[in-house]
Amino acid sequence: MAREPILSLRKVSRSYTEADRELVILRDADFVLGKGEMVALVAPSGAGKSTLLHTAGLLERPDQGDVKLSGRDCGTLSDDERTAIRRNDVGFVYQFHHLLPEFSALENVMLPQMIRGLPKSAAMKRAQQLLDYMKVGKRASHRPSELSGGEQQRVAIARAVANAPLVLLADEPTGNLDPETASYVFAALEALVRQSGLSAMIATHNHDLARRMDRCVTLKDGKVIDIVP
Ligand code: ADP
């Protein structure tokens, strides 16, 4: 049975101008992410994975086409409305953790919740639960510089889901880690996505990880197409 769509891109185009040359990254691209689905985005460097994720996550506007999140057409919304949706409904994880260095792991996961208006005590409770779930709870009081690469990424994942987004978008979240750590971090991410019913699109170069997801897609001639990894 087809899953209910949570994120959909329809006829999305995006190009950049570089030294007077038009670089077409997306051309009438269609993509649907189903509720609870985990999709791997596998494509070479420079193919447009970040562009696709940023467009899907409302960080960038497409030149043309529609982006719908939970049935809502985001193209017609103001920048402020898009920011609000991004803050509440989209979680991002990058290759580099981007945690705030002067705050502890716990505080890094609390902050997005407090920005959203949650009281400090509730934010702290949820942050600790998420860190425990990501098996990094014992390191909650440590600053990012005191954590290993794998721990930093697990904190970054906890932070990305702190506000219980609808969609998690990850741009090579294990790309900086050794294979064993990557597998461990991915397993924690996968468990979190499966357990919470989140929908996720994860760019990765790692074919072993890609095979563990429900579906794999790539970018070809500006389109998003299904592949077998
Ligand atoms: P990937 O994530 O697959 O490595 P990107 O989406 O980052 O690919 O980039 C796709 C292509 O678009 C690359 O050739 C990149 O240099 C180019 N590009 C990305 N962002 C910009 C920009 N803001 N201005 C000009 N070119 C860009």
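Above this text sits the structure in question.
Values in this document were obtained by computation on a predicted structure and should not be read as measured data. (Residues numbered from 1 in each chain as written. Predicted model: local features only at pLDDT ≥ 70, side-chain atom pairs only at ≥ 80, totals over all residues. Heavy atoms only, no water.)

1. A few points about the packing of helix α3 (residues 105–115) against helix α5 (residues 149–160)
How two helices sit against one another is set out by the angle between their axes and by the gap between those axes.
And then number 1: Relative to each other, α3 and α5 sit at 20°, their axes nearing to 8 Å. With respect to each other, α3 and α5 are oriented roughly parallel. Seen from above, α3 lies across α5 with right-handed handedness. Residues Ala105, Asn108, Val109 and Pro112 of α3 form the contact with α5, whose participating residues are Val155, Ala158 and Arg159. (Axes fitted to C-alpha atoms, helices over the stretch in contact; angles between N-to-C directions. Helix = DSSP H or I, 4+ residues; strand = E, 2+ residues; numbered from the N terminus. Parallel < 35°, antiparallel > 145°, perpendicular 65-115°, else oblique. Left-handed = near helix turned anticlockwise from the far one by under 90°. Contact = heavy atoms within 4.5 Å.)

2. Some thoughts on the pairing of strand β10 (residues 223–227)
And then number 1: Examined bridge by bridge, strand β9 (residues 215–220) and β10 share 5 bridges and lie antiparallel to one another. Bridging across to β10, Lys220 finds its partner in Lys223.
And then number 2: Once β9 ends, the chain turns through 2 residues before running back antiparallel as β10, passing Asp221 with a positive phi of about 50°. (Pairing = 2+ DSSP bridges.)

3. Here's the deal with the packing of aromatic side chains
And then number 1: Applying the stated criterion to the full structure yields 1 aromatic pair.
And then number 2: Ring geometry for Phe92 versus Tyr94: centroids 5.8 Å apart, planes at 10°, classification stacked.
And then number 3: By relative accessible area, Tyr94 is classed as partly exposed at 25%. (Phe/Tyr/Trp six-rings, centres within 6.5 Å; stacked < 30°, edge-to-face > 60°. Buried < 20%, exposed > 50% of the residue type's maximum accessible area, 1.4 Å probe, protein only.)

4. What about the sheet that holds strand β8 (residues 199–203)?
And then number 1: Pairing in this open sheet of 6 strands is mixed, and the strands run β6-β7-β8-β3-β9-β10 from one edge to the other. Pairing within the sheet leaves two strands with one partner each, and these edge strands are β6 (90–93) and β10. The average undirected angle you get between the axes of adjacent strands in this sheet is 25°.
And then number 2: The strands touched by α5 are β6 and β7 (167–171); relative to β6, the strand with the most contacts, the crossing angle is about 165°.

5. Topic: the layout of surface pockets
And then number 1: Within this model, the largest pocket holds a volume of roughly 610 Å³.
And then number 2: Along its surface, the largest pocket is lined by 23 residues, and Val90, Phe92, Pro112, Arg159 and Ala160 are the ones closest to its centre.
And then number 3: Split into classes, the residues belonging to the lining of the largest pocket amount to 14 nonpolar, 6 polar and 3 charged.
And then number 4: The calculated volume of the second largest pocket comes to roughly 210 Å³.
And then number 5: What lines the second largest pocket is Arg126, Gln129, Leu130, Tyr133, Val161, Ala164, Pro165, Leu192, Gln195, Ser196 and Leu198.
And then number 6: Looking at the lining of the second largest pocket, the elements that each hand over two or more residues are α4 (120–133) and α6 (179–196).
And then number 7: Ranked by residues supplied to the lining of the second largest pocket, first place goes to α4 with 4 residues.
And then number 8: In terms of residue class, the lining of the second largest pocket is built from 7 nonpolar, 3 polar and 1 charged. (1 Å grid on protein atoms, 1.4 Å probe; cavity = no way out; pocket = protein on both sides within 12 Å on 5 of 7 lines; lining within 4 Å. Points joined across faces, edges and corners; volume = space filled by probe spheres on them. Nonpolar A, V, L, I, M, F, W, Y, C, P; charged D, E, K, R; others polar.)

6. Things to note about α4
And then number 1: The end-to-end C-alpha distance of α4, which contains 14 residues, comes to 20 Å, matching closely the 20 Å that a straight helix rising 1.5 Å per residue would cover.
And then number 2: Taken together, the buried positions of α4 are Ala123, Ala127, Leu130 and Leu131. All buried residues of α4 fall inside an arc of 95° around its axis, so they share one side. Exposed and facing more than 90 degrees away from the buried side of α4 are Ser121 and Lys125.
And then number 3: Considering only its buried residues, α4 is in contact with α3, α5 and α6.
And then number 4: Backbone geometry just after α4 places Lys135 at a positive phi near 60°. (Expected span 1.5 Å × (residues − 1). Arc of directions from axis to C-beta.)

7. A word on the pattern of salt bridges
And then number 1: Per the counting criterion, the structure on display carries 14 salt bridges.
And then number 2: Salt-bridge contacts for Arg3 lead to Asp214; the nearest nitrogen and oxygen are separated by 3.6 Å. With a gap of 211 residues between them, Arg3 in the segment before β1 (5–18) and Asp214 in the loop between α7 (207–211) and β9 connect regions that are remote in the sequence.
And then number 3: Asp214 gets classed as partly exposed once you look at its relative accessible area, which sits at 36%.
And then number 4: Here Lys220 and Asp221 are joined by a salt bridge, their closest N and O atoms 3.9 Å apart.
And then number 5: Owing to a relative accessible area of 48%, Lys220 belongs among the partly exposed residues under this scheme. (Salt bridge = Lys/Arg side-chain N within 4 Å of Asp/Glu carboxyl O.)

All quantities given are derived from atomic positions and should not be read as evidence of function.
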